[in-house]
Amino acid sequence: PQPVGDNPSPPPSTMNLVVGIEAPYIEVSPEFASETEAKRWERELPAWRRKLLTNPLVVVGGFSSLIGRAESSRDGSTLHLRIETSIEELQRLLNLVATLTRTAMQSR
């Protein structure tokens, strides 16, 4: 991932994905090398949201409502992006992740 702004900062050094199934949710937590970088990405989240909401794959895939419900927080150099989902939405998201992962691994 790259920031949306004019002056790109380095991507996160690690990224964790947590999926909850009893009360369905998905949380992505990118960790940056410094708190300054995390703050910069946090400031750019509204621009990311706008960009995602106009992405044809997001619209056609039916993920717009998920983007609208996304909540963010920051703890030092780590951002937390959390979305409460339905079971059906979670299944669609996990299928998409599996497909994208397979495609990325085949292109290597």
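First, a word on scope: everything that follows refers to the structure included in this document. Counting of residues starts from 1 at the beginning of each chain's written sequence and follows it residue by residue. Residues qualify for local features only when their pLDDT is at least 70, as the model is predicted, and side-chain atom pairs are given and counted only at 80 or more; totals for whole chains, interfaces and linings, by contrast, use all residues. The side-chain numbers reported here are obtained from all heavy atoms of the structure, hydrogens and water having been left aside.

Description of the sheet that holds strand E2 (residues 25-31)
And step 1. Spatially, E1-E2-E4-E3 is the arrangement adopted by the 4 strands of the open sheet, whose pairing is antiparallel. Because the sheet does not close on itself, it has two edges, and the strands there are strand E1 (14-20) and strand E3 (71-75). Recorded for the sheet is a direction-independent mean angle of 15° between the axes of neighbouring strands.
And step 2. For E1 and E2, the ladder comprises 7 bridges, and the chain directions are antiparallel. Note on E2: the bridge partner recorded for Gly20 is Tyr25.
And step 3. Against the sheet, helix H1 (residues 35-53) makes contact with E3 and strand E4 (78-84), and its axis sits at roughly 165° relative to E3, the strand it touches most. Only strands joined by at least two bridges in the DSSP assignment are considered to pair. Secondary structure follows DSSP: runs of H or I at least 4 residues long count as helices, runs of E at least 2 residues long count as strands, and numbering of each begins at the N terminus. For helices, the fitted axis covers only the stretch in contact; all axes are lines through C-alpha atoms, and the angles between them, taken along N-to-C directions, range from 0 to 180 degrees. Only heavy atoms matter for contacts: two residues are in contact if any of them lie within 4.5 Å across the pair.

Let's talk about a nonpolar patch on the surface
And step 1. A contiguous nonpolar patch, built from Leu17, Val19, Ile21, Leu94 and Val97 and spanning about 410 Å² of accessible area, is present on the exposed surface.
And step 2. Listed by contribution, the elements that provide at least two residues to the nonpolar patch are E1 and helix H4 (87-106).
And step 3. Turning to its location among the elements, Val19 is positioned in strand E1.
And step 4. On the accessibility criterion, Val19 (32% relative accessible area) is partly exposed. What goes into a patch is any residue over 30% in relative accessible area without a salt bridge, connected to like charges within 9 Å or, for nonpolar side chains (Val, Leu, Ile, Met, Phe, Trp, Tyr), within 5 Å. Note on areas: these come from Shrake-Rupley sampling with a 1.4 Å probe, and a residue is covered only by the protein chains present in the view. Put simply, a salt bridge is a Lys or Arg side-chain nitrogen that is within 4 Å of an Asp or Glu carboxyl oxygen. Whether a residue is buried, partly exposed or exposed follows from its accessible area with a 1.4 Å probe, protein chains only, as a fraction of its type maximum: under 20%, in between, or over 50%, in that order.

A few points about the packing of aromatic side chains
And step 1. By convention, a stacked pair of Phe, Tyr or Trp rings (six-membered ring in the case of Trp) has centres within 6.5 Å and planes under 30 degrees apart, an edge-to-face pair has planes over 60 apart, and any other such pair is tilted. In the structure shown here, the tally under the stated rule is 2 aromatic pairs.
And step 2. Taking the centre distance of 5.2 Å and the plane angle of 45° together, the rings of Phe32 and Trp41 count as tilted.
And step 3. Phe32 sits in the buried class, given a relative accessible area of 2%.
And step 4. An aromatic cluster is defined as three or more aromatic residues linked by ring pairs; in this entry it consists of Phe32, Trp41 and Trp48.

Distances and angles like these do not, on their own, reveal function.
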